[in-house]
Amino acid sequence: MMAILRHFLRRMSRDRGLTGQASAFFALAMTVCIFAIGSEEVLLAAVLPGLAWAILLLSSLLGLGDLLEGEDLDDLLLAHKPLPALFAAKAFAHFISTSLPLALAAPLVLSVVLPHTLIPMLCLWLGFILGGIAFSSIGLMGAALTLGSRRNAALQSLVIMPLCIPALIFGAGAVSAAQLDLGWQAPMAFLGAIACASMVLGPFAAAWIVRMKVTSQ
Amino acid sequence: MITKYANPTNFEKLAKILTPVFALFATLLLAFGLCDALLISPPDYQQSDAVRIMYIHVPSAWMAMMIYAACGVAALMFIVWKHTLAELFLRAALPVGAVACALCLATGMLWGKPMWGAWWVWDARLTSVLVMMFLYIAVIALTDAFDRPEQGGLAAAWLTIIGLVNLPVIKYSVEWWNTLHQPSSLTSVKRVMNPAMADDMLRPLLVMGLGLMCYLALVIIIRMRTEIMARKIANTTGVK
Amino acid sequence: MTDFSTFAAMSGYGMYVWPAYGLALIAYGAVFIHALIKKDRLKKKQQGEK
């Protein structure tokens, strides 16, 4: 199983440069938004965490377009391993190569921009990890759903984003609650529940969908 | 081929009986309901005549959720048993549900402006209904996104089932989250439940709800029969 | 006439109540008409083929 995970990781981050793409996209999008909003500190402190969450969601959409296409799909179907397990590995590899670096780096970078506040940063850090897992698992389902469709990429974001809204709300909610010295534990617990549920159910759903699509062809 | 068409032909028979029934009930109920909602029922003691928006808003919300739930059941039937009729129901019902959902949002905004002073607030109930709207749009987009229609039906069915998670969230959003703004519909209904107000306002609400249900059922049946006809034409021309 | 204008005013909420009913009428009506047009078009197509 570790070997498969490593194989997926190699393909995603080395062959396709997904990690670099996602990090560059995140940094650029944040910068563009800050330029658009203006550099007033009070405003930025209020807006940045939510913005970071939204852009995390957008960056986790990267690399989903060819997650299950061509060679990758053949790899999965011919591997003689349980398909859900392979899909779980795929989702995890996608998480490691898109959201995890962002989750580790973004709070540190943001703490330079924002006034030093420990608990919101920890919230952002933990939330990004949980949210990244949820986004990648939901994204995997989206990729499975749109597999074989026309105008794949646009459709994918249309399918995935509504499903990601709850995780986004709780994640951003936890950070802003922590910023206001309110209880951040409840939204964080919801986010954790969403991450767990999508991590477990996502690969099964995606595997079912893909198998039905392949057999109906 | 025979097994494939056994169900649609049965459905045709049923539809022929149900169409006039639904048409009759929809006309009667909606005609009476509209008169009741606009003329007979009293203005609310707090919201005055603005409460009349409720007789559109709440039935639309009911129908949006009910159609989504029905689509979820149909999607499950389609995935498990490959029921052709279930797929046809999905294709026929989803756009209708989307219209109900859009109207629920639009009338909600028109109600929110005079009552809350804002067209929109990011309250749990509103947000979850907005998510349902997006889900409707995504599922409808999926149905037409494939070169082979049955793949579209399959993908749409799956997304419908995944999106079912949202239904209880809508239903209980009022109780699970202490939002700043009281959600509109439930409090109004609770107010209707007050003994003094009960019948006068509950009656038009239920009549409108039932009327809308019959009306939309009629529309869905017409759309399903059209879909069946289209499939038959496609199949016969395919054979030629 | 005053009866009608007080009814139309909806005690000041007319500009919210009437658009709500109007929108509902238009949208739900359009759904029905669209279904009928679709059916009609298909029927014509079917007869054209025969």
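Residues numbered from 1 in each chain as written. Chains lettered and ligands numbered in written order. Predicted model: local features only at pLDDT ≥ 70, side-chain atom pairs only at ≥ 80, totals over all residues.

1. Quick look at the overall build of chain B
Inference 1: Scanning chain B from N- to C-terminus turns up 8 helices and 0 strands.
Inference 2: Here the contacts in chain B between residues at least 6 apart in sequence split such that 78% fall between residues at least 24 apart. (Helix = DSSP H or I, 4+ residues; strand = E, 2+ residues; numbered from the N terminus. Contact = placed C-beta atoms within 7 Å.)

2. Section: the overall build of chain C
Inference 1: Scanning chain C from terminus to terminus reveals 2 helices and 0 strands.
Inference 2: Relative to the compact-globule value of 10 Å for 50 residues, chain C shows a C-alpha radius of gyration of 19 Å, a clear excess of over 25%.
Inference 3: Principal-axis analysis of the C-alpha atoms gives chain C an extent of 60 × 20 × 10 Å.
Inference 4: Taking all 50 residues of chain C together, the buried fraction comes to 16%. (Rg over C-alpha atoms; globule rule 2.2 N^0.38 Å. Buried ≥ 20, exposed ≤ 12 C-beta atoms within 10 Å, placed from the backbone.)

3. Some details on the environment of A:Ser137
All names here are of chain A.
Inference 1: Along the chain, Ser137 turns up in helix H7 (residues 118-146).
Inference 2: Judged by local crowding, Ser137 falls into the buried class, with 31 C-beta atoms found within 10 Å.
Inference 3: Spatially, the C-alpha atom of Ser137 lies 5.5 Å from that of Met199, the residues being 62 residues apart in sequence.
Inference 4: Ignoring sequence-local partners within four residues, the contact set of Ser137 consists of Ala91, Ser198, Met199 and Gly202.

4. Some remarks on the interface of chain B and chain A
Inference 1: Between chain B and chain A, the contact holds 17 residues from the first and 18 residues from the second.
Inference 2: If you list the elements that add at least two residues to the side of chain B that touches chain A, you get helix H4 (124-143) and helix H5 (149-163) of chain B.

5. Quick notes on the interface of chain C and chain B
Inference 1: Chain C puts 20 residues into the contact, and the matching count from chain B is 24 residues.
Inference 2: In terms of residue class, the side of chain C that touches chain B is built from 16 nonpolar, 2 polar and 2 charged. (Nonpolar A, V, L, I, M, F, W, Y, C, P; charged D, E, K, R; others polar.)

6. Points about the packing of H4(B) against H5(B)
All names here are of chain B.
Inference 1: Contact geometry of H4 with H5 gives a least axis separation of 7 Å together with a crossing angle of 165°. What the angle tells us is that H4 and H5 run roughly antiparallel. As H4 packs across H5, the resulting crossing turns out to be right-handed. Contacts between H4 and H5 involve Leu135, Ala138, Val139, Leu142 and Thr143 from the first element and Gly152, Gly153, Ala155, Ala156, Leu159, Thr160 and Gly163 from the second.
Inference 2: Taken together, the residues of the contact of H4 with H5 break down into 7 nonpolar, 5 polar and no charged. (Axes fitted to C-alpha atoms, helices over the stretch in contact; angles between N-to-C directions. Parallel < 35°, antiparallel > 145°, perpendicular 65-115°, else oblique. Left-handed = near helix turned anticlockwise from the far one by under 90°.)

7. A short note on the nonpolar core
Inference 1: With 153 residues, the main nonpolar core has A:Ala144, B:Ile53, B:Ala64, B:Leu90, B:Ala100, B:Leu142 and B:Leu159 as its most contacted residues.
Inference 2: For this core, the leading source of residues is helix H3 (residues 84-116) of chain B, giving 17 residues.
Inference 3: Leaving out residues up to four positions away in the same chain, A:Ala144 has contacts with A:Leu68, A:Ala206, A:Ile209 and A:Val210. (Core = buried A, V, L, I, M, F, W, Y, C linked by C-beta atoms within 7 Å.)

8. Regarding the packing of helix H3 (residues 41-60) of chain A against H7(A)
Residue and element names in this part refer to chain A.
Inference 1: The N-to-C vectors of H3 and H7 enclose an angle of 25°; their axes lie 10 Å apart at closest approach. As the angle between them shows, H3 and H7 are arranged roughly parallel. By crossing handedness, the relation of H3 to H7 is classed as right-handed. Touching Pro49, Ala52, Leu56, Leu57 and Ser60 of H3 are Pro120, Leu124, Phe128, Gly131, Gly132, Phe135, Ser136 and Gly139, all from H7.
Inference 2: When its residues are assigned to classes, the contact of H3 with H7 shows 8 nonpolar, 5 polar and no charged.

9. Digging into unusual backbone geometry
Residue and element names in this part refer to chain B.
Inference 1: Even without being glycine, Lys82 reaches a positive phi, approximately 55°.
Inference 2: Within the secondary structure, Lys82 sits in the loop between helix H2 (54-81) and H3.
Inference 3: C-beta crowding within 10 Å serves as the criterion here: with 15 such atoms nearby, Lys82 is assigned to the partly exposed category.

10. Quick look at helix H9 (residues 185-215) of chain A
Inference 1: For H9(A), spanning 31 residues, the distance from its first C-alpha to its last is 44 Å, which sits close to the expected 45 Å at 1.5 Å a residue.
Inference 2: The sharpest bend along H9(A) reaches about 30° and sits at A:Leu201, with the proline A:Pro203 one to four residues further on. (Expected span 1.5 Å × (residues − 1). Bend = angle between axes of the 7 residues up to and from the residue.)

11. Regarding the environment of B:Ala102
Inference 1: Along the chain, B:Ala102 turns up in helix H3.
Inference 2: Residues B:Ala102 and B:Arg91 lie 11 residues apart in sequence; the distance between their C-alpha atoms is 18 Å.

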